Amino acid sequence: MKGSDGWAQLLPDDEFSAIDGRPHDVPGGKWKMNAEIAARVIAKAKLRKTDFVIDYEHQTLSTKEGIKAPASGWWKGMDMEYRPGQGLFIRPSWTATAQAHIDAKEYRYLSAVFPYDKATGEVMEINMAALTNYPGADGMEALASLAARHYSTTNQTNQGVTPMSEAMKKLLGLLGITVADGSEPSAEQTAAATAALTALLTKAASADGLQQEVAALKADTGNVDLSKFVPASNYNQVLAELAALKASNEQMTVGQLIEKAEQDGKMIIASEKDYLTSLGNQSMAALKAVLDSRPVVAALKGKQTTTTIKSPDADDKTAVAALTADQKKIADQMGMSHDELAKELGVKA
């Protein structure tokens, strides 16, 4: 093809069908092409060792003995690429005869032969192609139109206008995809760029949705469900009251904790209560650790006993607690007199 970049459209992009209404065996009646499908098709084509043939009017498919089916051109798997919004392209090597037909506009279109998934319409691979004036796929660009578009782009470049390919390279660079100077993005790079852009659009849509929700909440402040949401001022007031209550409760708990330890039989000398109280005021955890480490003495559980003696200064109706036999034994073991222990416990010796 004189005056073109050598590339020709083989299949349109997105969903397409034949001029005669095919495919009739696919739900929705459409074939499908996109970056992901093209990447699979191209990868499979690159595994093929022999060149792909382009004949005239699909004569290869209907040849009979003695009838020739000459090729109009050939292409290799590496000479295939996907162009977003345009479709699958190939770079054929035309025969001199075919090139003359194309230059004279005697043949204008390419028609591909391909198997497809009957459930989805997705193109599975490319078998061959043909020069024709009645392409199977509707919406194909004429070969002459491709040449004219390339000539126009080349003209703009000579006049100092940046071609679309340069803009595309910059966009791909922003997406983290590097394309070498003088080359076009591969099908894999195009597919990666499409996926990245789709992800960005999804995030943008999500952000827009959140902004709309926030705006709606701001505009509807008078209809807040107070059974589910509490005003900030009320919430802060509750926090302050809880902090004050916690501080007051901890101050009360120091004395209660020491008293409970005495009731549980922990050995606590009266002279050390001030120290334990100060320790608890500084750290309840430290006080609990000190008290928990002390062993329980069963004989010390409960200071008051039911054993009573008569006070010499009181009448017969007055009862005073006295040391038990076990408490006296503890005093003997600790090297304390009975009077000293009785004084600590606040009872009579």
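Residues numbered from 1 in each chain as written. Predicted model: local features only at pLDDT ≥ 70, side-chain atom pairs only at ≥ 80, totals over all residues. Heavy atoms only, no water.

Draft legend 1. How the structure looks around helix α2 (residues 96-103). Of the residues making up α2, those classed as buried are Ala98, Gln99 and Ile102. The buried residues of α2 all sit within an arc of 100° when viewed along its axis, so they share a single face. Just downstream of α2, Lys105 is the residue with a positive phi angle, here 60°. (Buried < 20%, exposed > 50% of the residue type's maximum accessible area, 1.4 Å probe, protein only. Helix = DSSP H or I, 4+ residues; strand = E, 2+ residues; numbered from the N terminus. Arc of directions from axis to C-beta.)

Draft legend 2. Geometry of the packing of helix α9 (residues 325-334) against helix α10 (residues 338-345). Two numbers describe how α9 lies on α10: the axes approach to 9 Å, and their chain directions differ by 115°. Crossing of α9 against α10: the hand is right-handed. Contacts between α9 and α10 involve Gln327, Lys328, Ala331 and Asp332 from the former and His338, Leu341 and Leu345 from the latter. Among the residues making up the contact of α9 with α10, the classes are represented as three nonpolar, two polar and two charged. (Axes fitted to C-alpha atoms, helices over the stretch in contact; angles between N-to-C directions. Left-handed = near helix turned anticlockwise from the far one by under 90°. Contact = heavy atoms within 4.5 Å. Nonpolar A, V, L, I, M, F, W, Y, C, P; charged D, E, K, R; others polar.)

Draft legend 3. Just the environment of Val53, in detail. Mapped onto the fold, Val53 is located in strand β4 (residues 52-56). Sequence spacing of Val53 and Met128 is 75 residues, and the spatial spacing of their C-alpha atoms is 5.5 Å. Aside from chain neighbours lying at most four places away, what touches Val53 is Ala71, Gly73, Trp74, Trp75, Met128 and Ala129.

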